[in-house]
Amino acid sequence: MSQVEIQKLETQIGELSAKLAALRKNSPGVEIKNYTFKTQSGDVSLLDLFGGRDQLLAIHNMGQGCRYCTVWADGINAFLPHLEDAMSVVLLSKDPPDLQRQFANARGWRFRLASHGGTEYMSEQNVEERGNNSPGAVLYEKKNGKIFRKNRSAFGPGDQFCSLWHLLSLAGIGENDWTPQYSYWQRPQKLDDGGNNVK
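Reading guide: rules and limits
- Residue numbers run consecutively from 1 along every chain, following the written order of its sequence.
- Only residues with pLDDT of 70 or above have their local features reported here, since the model is predicted, and side-chain atom pairs are shown and tallied only from 80 upward, although totals for entire chains, interfaces and linings are computed over all residues.
- In computing side-chain properties, one takes all heavy atoms of the structure into account and sets aside hydrogens as well as water.
- We count a stretch as a helix when DSSP gives it H or I for four or more residues in a row; a strand needs E for two or more, and each element gets its number in order from the N terminus.
- Side-chain atoms alone can form a polar contact between residues adjacent in sequence; in general such a contact is a pair of N or O atoms within 3.5 Å, and within protein one must be able to donate a hydrogen while the other accepts it.
- Pairs were defined over the aromatic rings of Phe, Tyr and Trp, the Trp ring being its six-membered one, requiring ring centres within 6.5 Å. Orientation was assigned from the angle between planes: stacked under 30 degrees, edge-to-face over 60, tilted for the rest.
- Ring-over charges, as used throughout, are those where CZ of Arg or NZ of Lys falls within 6 Å of the ring centre and within 35 degrees of the ring normal.
- Detection works on a 1 Å grid of protein atoms alone, calling trapped sets that fit a 1.4 Å probe cavities and calling open sets with protein on both sides within 12 Å along at least five of seven lines pockets, with lining residues defined by an atom within 4 Å of a point.
- Grid points are joined across faces, edges and corners, and a volume is the space filled by probe spheres set on the points.
- Put simply, Ala, Val, Leu, Ile, Met, Phe, Trp, Tyr, Cys and Pro go in the nonpolar bin, Asp, Glu, Lys and Arg in the charged bin, and everything else, Gly too, in the polar bin.
- We define a salt bridge as a contact between a side-chain nitrogen of Lys or Arg and a carboxyl oxygen of Asp or Glu at a distance within 4 Å.
- Only protein chains enter the accessibility calculation, which uses a 1.4 Å probe. A residue is then buried if its area is under 20% of the maximum for its type, exposed if over 50%, and partly exposed in between.
- Whether two residues touch is decided by their heavy atoms; if any such pair falls within 4.5 Å, the residues are in contact.
- At least two bridges found by DSSP between two strands are what make those strands a pair.
- Throughout, a disulfide means two cysteine sulfur atoms within 2.5 Å of one another.

### Some remarks on the side chain of Glu141
- With respect to the helices, strands and loops of the structure, Glu141 is situated in strand E7 (residues 136–143).
- One polar contact links Glu141 to Gln55, side chain to side chain, over a distance of 2.8 Å.

Here you go:
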């Protein structure tokens with residue numbers, strides 16, 4: 001494929017992205033119930049998670065056992081202050097609140113966290129019709145005390161929510177060529193401290 005063909009395709013993708021954004025903006029949404037979640041401070045409702053805002057972005061994370069979900073959350077965490085200027089944001093997973101906080105602290109995440117614990121929320125609000133605990137994002141709106149699911153989208157390699165994949169694609173690296181890891185530290189051939197008890 002020539003550079004001209006690549007540029008043409010990039011232009012088409014940009015045009016389609018603009019069309020998708022317009023469709024999302026005009027989506028009427030579907031009314032849903034007010035679910036309950038667990039946090040380190042106790043139970044909270046979905047309405048509570050709006051925090052006085054009219055829009056809530058819920059990041060569906062599979063939990064600390066998924067390296068791919070960790071990559072998405074690492075990236076979103078980097079521009080979390082920008083998102084929180086526009087709407088309320090929460091990261092939801094099945095992990096219990098204490099484990100969520102422990103893992104978030106280890107990653108340097110600043111998200112507000114809540115656990116759905118694998119309850120009906122995840123089966124009813126999953127980003128994929130027949131999925132179960134699938135990663136993605138859901139945008140909820142609050143109108144007159146009611147909650148509406150306005151838009152949702154699944155996360156996956158090459159999607160528009162993780163810029164890492166697009167940067168890797170510049171080098172011809174795709175999802176079959178590379179797997180994210182929790183840490184990239186490699187033990188040196190020689191450790192100056194003697195090398196005992198390395199974990």
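### Describing the packing of aromatic side chains
- Throughout the structure, instances matching the rule amount to 10 aromatic pairs.
- Aromatic pair Tyr68 and Trp165: ring centres 6.3 Å apart, planes at 5°, arrangement stacked. Here Tyr68, found in helix H3 (residues 67–78), pairs with Trp165, found in helix H7 (residues 163–170); they are 97 residues apart in sequence, far enough to count as distant.
- Through a chain of ring-to-ring contacts, the aromatic side chains of Tyr68, Trp72, Phe155, Phe161, Trp165 and Trp178 assemble into a single cluster.
- Sitting above the plane of the Phe148 ring, Lys143 keeps its charged end 5.8 Å from the centroid.

### Regarding the layout of surface pockets
- Quantified by volume, the largest pocket comes out at close to 500 Å³.
- Looking at the lining of the largest pocket, the elements with two or more residues in it are strand E4 (55–60), E7 and strand E8 (146–154).
- Here the residues of the lining of the largest pocket sort into 11 nonpolar, 4 polar and 2 charged.

### Topic: empty space enclosed by the protein
- Under the counting rule described, the total for this entry stands at 1 cavity of 30 Å³ or more.
- Estimated volume of the largest cavity: approximately 60 Å³.
- Elements that contribute at least two residues to the lining of the largest cavity include exactly strand E5 (88–93) and helix H5 (97–107).
- The biggest single contributor to the lining of the largest cavity is H5, with 3 residues.
- When its residues are assigned to classes, the lining of the largest cavity shows 5 nonpolar, 5 polar and 1 charged.

### Things to note about the pattern of salt bridges
- Counted by the stated rule, this structure contains 6 salt bridges.
- In this structure, Lys38 engages Asp43 in a salt bridge whose closest nitrogen and oxygen atoms are separated by 3.3 Å.
- Using a relative accessible area of 47% as the deciding quantity, one classes Lys38 as partly exposed.
- Connected through salt bridges with shared partners, the residues Lys33, Glu120 and Glu124 form a single ionic network.

### Brief notes about the side chain of Asp95
- Note that Asp95 resides in the loop between E5 and H5.
- Accessibility expressed as a relative area gives 7% for Asp95, which makes it buried.
- Not counting residues within four places of it along the chain, the set of residues in contact with Asp95 comprises Gly63, Gln64, Gln100 and Ser115.

### Focus on the pairing of E8
- Bridge count for strand E1 (residues 30–32) against E8 is 3 bridges, and the pairing is antiparallel. Residue pairing across strands places Glu31 opposite Phe148, the latter belonging to E8.
- Where E7 lies against E8, 8 bridges are found, and the strand directions are antiparallel. Each bridged residue has a counterpart across the sheet, and for Val138 the counterpart in E8 is Arg152.

### Section: the state of the cysteines
- Inspection of every chain in the model, using the stated rule, returns 0 disulfides.
- With no disulfide of its own, Cys69 lies 3.4 Å from the sulfur of Cys66, the closest cysteine sulfur.
- With relative accessibility at 4%, the residue Cys69 sits in the buried group.

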